[in-house]
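Letter by letter, the chains look like this.
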Amino acid sequence: MSGPLIVLVGPMGVGKSTVGELLAERLGTTYRDTDADVVATAGKAIAEIFFDEGEEHFRELERRAVREAVERHTGVLALGGGAVLDAETRALLAGRPVAYLAMDVEEAVRRVGLNTARPLLAVNPRRQWRELMDARRHLYEEVARTTVATDERTPEEVAQAVLDALELLEAVAEPVASGRENTSMTDQATTRIQIAGTAGTDPYEVLVGHQLLGELPNLIGDRAKRVAVLHPEALAETGEAVREDLAGQGYEAIAIQLPNAEEAKTAEVAAYCWKALGQTGFTRTDVIVGVGGGATTDVAGFVAATWLRGVRWIAVPTTVLGMVDAAVGGKTGINTAEGKNLVGAFHPPTGVLCDLAALDSLPVHDYVSGMAEIIKAGFIADPVILDLIEADPEAARTPAGPHTAELIERSIRVKAEVVSSDLKESGLREILNYGHTLGHAIEKNERYKWRHGAAVSVGMVFAAELGRLAGRLDDATADRHRAVLESVGLPLTYRGDQWPKLLENMKVDKKSRGDLLRFIVLDGIGRPTVLEGPDPAILLAAYGEVSA
């Protein structure tokens, strides 16, 4: 994809021009600013354009300037603060190396102040800034490959952080001060994704990057005296290392070892954790940390939700599935003999730390299993995910692939957008269950010996065929499901003789209403909808398409 090496987006006053010029100098290329292009075209300052012709006219000039620059400029490009409001602009930026430069409101007021040259912040800058960011923050995050915080950083430090985050010019680095180690990826390449608080819950952040465990004490805070680190048996050394580190920070830290994978999600394991917390004297100001895959974070969150009617918890997912699905959104739970996740609670974490280095040691089958949730996010909301996978399926199967961070971040953003609007699955959040109705039934039928992603993969093919047979989905998109899933090594079929059992399992699915089965299907890519009470003949025919 030709176009700019780097595109900078962010609010007014964040320093895009200064940082952009520094980046261009370091990369040996040219710098371009679409605000300057608009001024040159109009022959007057932006404030005058707003005053004389209005914001709508300015936005049209801006839209043209962005289109021209994105298509023709090959250096560093900075966009105006409101450019991302335009859907055409956001589409142009899809898949490009976009960095969102962020700052908090106090920093913004210090930088922007009462400058009347900023026409949208001319009266009450603090209040108007918050209103602008409420409207724009999710759009910046939508188009960005990475987010770089600029608070208390020099322009030079911000520029280096952008280079590190986008993995450009590895040979260029700030001189290392005497006696001080280079900070590398620790905090410079961390992407922060906001999850809004709803239904009385607090907002929190999902951090994606490297070497993130240093963030734990900040999330735990000073009020906590005790910390319980829940980890699976397979991560005994990691869990103990985290416990020791927290003990060194002054916390009374204990480690609670859980069985591996789905075997941890039982009432007996939860009761074992409650007993350990009781014996330790865990109070409401203390904190639980879940380190492991999706099953571990499900249990950690459930134990946190139920101990003393709710204590804080932090998720440290170590698998693709844990990062893009289980640790985000606050759905916690355990399994019963009757089905998966039927006992649980909505209890959002205080924060989520997705350290990408943890994926390097993940077995290939576990990594590929997690890809099912990423592909799901592509079909229900973000087709760029599908484009990236189709461009190099083999690379998508490994954490060493060039798009690993982007695929994970995009998937998290899809879920973040949904759960921020619907915490308790009263409506929109149901779309995240695409492929899961049959997938959960397969998992139960296999006594949870199948990997979650493998079961969901078959479930998505089934949902695509169901949508096609119901006249909702076109043939090409249904076939694309098979092609994308198969290209990364996910299964497409299940045993044909198991349909009666699977049908019974689906009747106790959480999405069912009374005797009506409900399925998430697609009207097209990015257009999920509910299919309620489908004809049994159509269900059988759809299953015939995935029968081995």
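Residues numbered from 1 in each chain as written. Predicted model: local features only at pLDDT ≥ 70, side-chain atom pairs only at ≥ 80, totals over all residues. Heavy atoms only, no water.

(A) Structural context of the sheet that holds strand S3 (residues 76–78). With parallel pairing, five strands are arranged side by side in an open sheet as S2-S3-S1-S4-S5. Looking at strand neighbours, the two that pair on one side only are strand S2 (31–33) and strand S5 (146–149), the edges of this open sheet. Neighbour-to-neighbour, the strand axes of the sheet open up by a mean angle of 25°, direction not taken into account. Its contacts with the sheet place helix H8 (residues 155–165) against strand S1 (6–9), strand S4 (98–102) and S5, and it is angled at close to 160° to S5. (Pairing = 2+ DSSP bridges. Helix = DSSP H or I, 4+ residues; strand = E, 2+ residues; numbered from the N terminus. Axes fitted to C-alpha atoms, helices over the stretch in contact; angles between N-to-C directions. Contact = heavy atoms within 4.5 Å.)

(B) View of unusual backbone geometry. One non-glycine residue, alanine 261, adopts positive backbone phi at about 50°. Within the secondary structure, alanine 261 is located in the loop between strand S9 (252–258) and helix H11 (267–280). A positive phi angle, close to 60°, is found at arginine 309, a residue other than glycine. Its place among the elements puts arginine 309 in the loop between helix H12 (294–306) and strand S11 (312–317). Judged by relative accessible area, arginine 309 falls into the exposed class, the value being 76%. (Buried < 20%, exposed > 50% of the residue type's maximum accessible area, 1.4 Å probe, protein only.)

(C) Spatial organisation of H12. Taking 1.5 Å of rise per residue, the 13 residues of H12 would be expected to cover 18 Å, and the 18 Å separating its terminal C-alpha atoms lies within 8% of that figure. Most of H12 is tucked away: twelve of the 13 residues are buried. Residues of H12 that are buried include every one of Gly294, Ala295, Thr296, Thr297, Asp298, Val299, Ala300, Gly301, Phe302, Val303, Ala304 and Ala305, and no others. A positive backbone phi angle near 55° is found at leucine 308, which sits one or two residues after H12. (Expected span 1.5 Å × (residues − 1).)

(D) Expanded view of the environment of proline 11. Looking at the secondary structure, you find proline 11 in the loop between S1 and helix H1 (16–27). Classification of proline 11 by relative accessible area gives buried; the value is 3%. Considering only alpha carbons, one finds proline 11 and leucine 79, 68 residues apart in sequence, at a separation of 9.5 Å.

(E) Inspection of the pattern of salt bridges at higher detail. A complete count under the given rule lists 40 salt bridges for this structure. Across the salt bridge formed by lysine 44 and glutamate 53, the nearest N and O atoms sit 3.3 Å from each other. Classification of glutamate 53 as partly exposed rests on a relative accessible area of 39%. The partner of arginine 397 in a salt bridge is glutamate 394, with the nearest N and O atoms 3.6 Å apart. Through salt bridges with shared partners, one network takes in Glu262, Lys265, Asp298, Lys340 and Glu443. (Salt bridge = Lys/Arg side-chain N within 4 Å of Asp/Glu carboxyl O.)

(F) The arrangement of the pairing of strand S10 (residues 287–292) in detail. Of all six residues that make up S10, six are buried, and the element is covered over most of its length. Side chains of S10 alternate between two faces, with Val287, Val289 and Val291 and Ile288, Gly290 and Gly292 buried alike. Bridge analysis of S10 against S11 gives six bridges, and the strand direction is parallel. Residue glycine 290 lies in a different strand from S11, and its bridge partner there is alanine 315. This β-α-β element, S10 to H12 to S11, shows right-handed connectivity. (Right-handed = clockwise from strand over helix to strand, strands pointing away.)

(G) Structural context of the sheet that holds S10. If you walk across this open sheet you meet the seven strands as S6-S7-S14-S11-S10-S8-S9, and the pairing is mixed. Two strands close off the open sheet at either side, each with one partner strand: strand S6 (191–195) and S9. Strand-to-strand twist in this sheet, taken as the mean axis angle between neighbours without regard to direction, amounts to 15°. Taken strand by strand, H11 contacts strand S8 (226–232), S9 and S10, and its axis lies near 165° from that of S9.

(H) A look at the packing of helix H2 (residues 34–42) against helix H4 (residues 55–72). Where H2 meets H4, the closest approach of the two axes is 9 Å, and the angle between their N-to-C directions is 120°. On the basis of the axis angle, H2 is oblique to H4. H2 and H4 meet at a crossing whose hand is right-handed. On H4, the residues that touch Thr34, Asp35, Asp37, Val38 and Ala42 of H2 are Phe58, Leu61, Glu62, Ala65, Val66 and Ala69. Taken together, the residues of the contact of H2 with H4 break down into seven nonpolar, one polar and three charged. (Parallel < 35°, antiparallel > 145°, perpendicular 65-115°, else oblique. Left-handed = near helix turned anticlockwise from the far one by under 90°. Nonpolar A, V, L, I, M, F, W, Y, C, P; charged D, E, K, R; others polar.)

(I) Summary view of the nonpolar core. Val206, Ile288, Ile389 and Phe462 are the most contacted members of the largest nonpolar core, which has 95 residues in total. In this structure valine 206 touches Thr191, Arg192, Ile193, Ile195, Val328, Val352, Cys354 and Ile412, once residues within four positions along its chain are discounted. (Core = buried A, V, L, I, M, F, W, Y, C linked by side-chain atoms within 4.5 Å.)

(J) Inspection of the packing of aromatic side chains at higher detail. On inspection of all chains with the given rule, the structure shows seven aromatic pairs. Residues tyrosine 100 and tyrosine 140 carry aromatic rings whose centres are separated by 4.9 Å and whose planes lie at 25° to one another, so their mutual orientation is stacked. Residue tyrosine 100 is located in strand S4, and its partner tyrosine 140 is located in helix H7 (residues 125–143); the two are separated by 40 residues in the primary sequence. Tyrosine 140 shares its class with tyrosine 100; the two are buried. For the ring pair tryptophan 450 and tyrosine 494, a centre distance of 5.3 Å and an interplane angle of 90° mean the geometry is edge-to-face. In this pair, tryptophan 450 is assigned in the loop between helix H18 (436–445) and helix H19 (452–469) and tyrosine 494 in the loop between helix H20 (475–487) and helix H21 (499–506), connecting sequence segments 44 residues apart. A relative accessible area of 25% means that tryptophan 450 is categorised as partly exposed. A residue is classified by how much of its surface remains accessible, and tyrosine 494, at 2% relative accessible area, is buried. Among the aromatic residues, ring-to-ring pairing joins Phe462, Trp499, Phe519 and Tyr543 into one connected group. (Phe/Tyr/Trp six-rings, centres within 6.5 Å; stacked < 30°, edge-to-face > 60°.)

(K) A look at a nonpolar patch on the surface. Taken together, the side chains of Leu342, Val343 and Val508 make up a nonpolar region of the molecular surface, amounting to roughly 200 Å² of accessible area. Here valine 508 is to be found in the loop between H21 and strand S15 (518–522). Accessibility expressed as a relative area gives 41% for valine 508, which makes it partly exposed. (Patch = residues over 30% accessible without salt bridge, like charges linked within 9 Å, V, L, I, M, F, W, Y side chains within 5 Å. Areas by Shrake-Rupley, 256 points an atom, 1.4 Å probe, with all protein chains shown as cover.)

(L) Layout of the pairing of S15. A large share of S15 lies buried, amounting to five of its five residues. The side-chain alternation of S15 yields two buried faces, one formed by Arg518, Ile520 and Leu522 and the other by Phe519 and Val521. With five bridges connecting them, S15 and strand S16 (residues 528–532) associate as antiparallel partners. When the sheet's bridge partners are listed, phenylalanine 519 is paired in S16 with leucine 531. If you look at the hairpin formed by S15 and S16, you'll find five residues sitting between the two strands, and glycine 526 has a positive phi there, around 80°.

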